[in-house]
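Listed here are the chains, written in short residue letters.
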Amino acid sequence: MKVFVMLGAINMALGVILGAFGAHGLQKIISPDMVQVFQTGVQYQIYHALGLLMVAVLLIPYPNASGLRTGGWIMLAGIILFSGSLYLLALTGMTFFGPITPVGGVCFIVAWIWIFWAMLKEF
């Protein structure tokens, strides 16, 4: 449980830091379209950091629901791949990173379904 609290908290902190950087530091460096791409990465990082915290909270009453942990790890992979690729795309302009983004999105979807399945098995 503690690891997901820590992962959620650090991702929330990074999301706030990167969001502030995107709002205050990027307008003069990259195009408005790329600022929006960057902010989309921040938005999804924060949403899924909350998801990681939710996993930690759910592990309190359901400590043996290993699917929760698996869903949390897949969610972390989604943050890295989805948000990370958007950050790199926005900052470098290298379109190479664009095709990585949907893989991260699939990780998010799989993570939420995995968490759903883990909880369904608990009933």
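Residues numbered from 1 in each chain as written. Predicted model: local features only at pLDDT ≥ 70, side-chain atom pairs only at ≥ 80, totals over all residues. Heavy atoms only, no water.

### Re the overall build of the protein chain
The number of helices and strands found in the protein chain is four helices and zero strands. Dimensions of the protein chain along its principal axes, counting C-alpha atoms only, are 50 × 25 × 15 Å. Of all 123 residues assigned to the protein chain, the portion counted as buried reaches 41%. Within the protein chain, contacts between residues separated by at least 24 positions form 74% of all contacts whose residues are at least 6 apart in sequence. Carbon and sulfur atoms make up 77% of the accessible area of the protein chain, which amounts to about 6,800 Å² in all. (Helix = DSSP H or I, 4+ residues; strand = E, 2+ residues; numbered from the N terminus. Buried < 20%, exposed > 50% of the residue type's maximum accessible area, 1.4 Å probe, protein only. Contact = heavy atoms within 4.5 Å. Areas by Shrake-Rupley, 256 points an atom, 1.4 Å probe, with all protein chains shown as cover.)

### Some thoughts on the packing of helix α1 (residues 2–24) against helix α2 (residues 32–58)
Working note: a packed helix pair is described by the angle between its axes plus the distance between those axes. Where α1 meets α2, the closest approach of the two axes is 8 Å, and the angle between their N-to-C directions is 160°. Here α1 is positioned roughly antiparallel relative to α2, judged by the angle of their axes. As for the relative orientation of α1 and α2, their crossing is left-handed in sense. In the contact of α1 with α2, the residues fall into 20 nonpolar, seven polar and no charged. (Axes fitted to C-alpha atoms, helices over the stretch in contact; angles between N-to-C directions. Parallel < 35°, antiparallel > 145°, perpendicular 65-115°, else oblique. Left-handed = near helix turned anticlockwise from the far one by under 90°. Nonpolar A, V, L, I, M, F, W, Y, C, P; charged D, E, K, R; others polar.)

### So, a nonpolar patch on the surface
Side chains of Met 1, Val 5 and Ile 60 sit close together on the surface and give an oily, nonpolar patch of about 270 Å² of accessible area. By secondary structure assignment, the location of Ile 60 is in the loop between α2 and α3 (66–92). With a relative accessible area of 57%, Ile 60 lands in the exposed category. (Patch = residues over 30% accessible without salt bridge, like charges linked within 9 Å, V, L, I, M, F, W, Y side chains within 5 Å. Salt bridge = Lys/Arg side-chain N within 4 Å of Asp/Glu carboxyl O.)

### Re α3
Residues separated by three or four positions in an α-helix point in the same direction, a consequence of the helix having 3.6 residues per turn. The end-to-end C-alpha distance of α3, which contains 27 residues, comes to 38 Å, matching closely the 39 Å that a straight helix rising 1.5 Å per residue would cover. Of the residues one or two after α3, Gly 93 is the one with positive phi, at around 75°. (Expected span 1.5 Å × (residues − 1).)

### Details of the side chain of His 48
Relative to the assigned elements, His 48 resides in helix α2. When its relative accessible area of 6% is taken as the criterion, His 48 is described as buried. Those residues in contact with His 48 that sit more than four places away from it in its chain are Met 75, Ile 79, Phe 108 and Trp 112.

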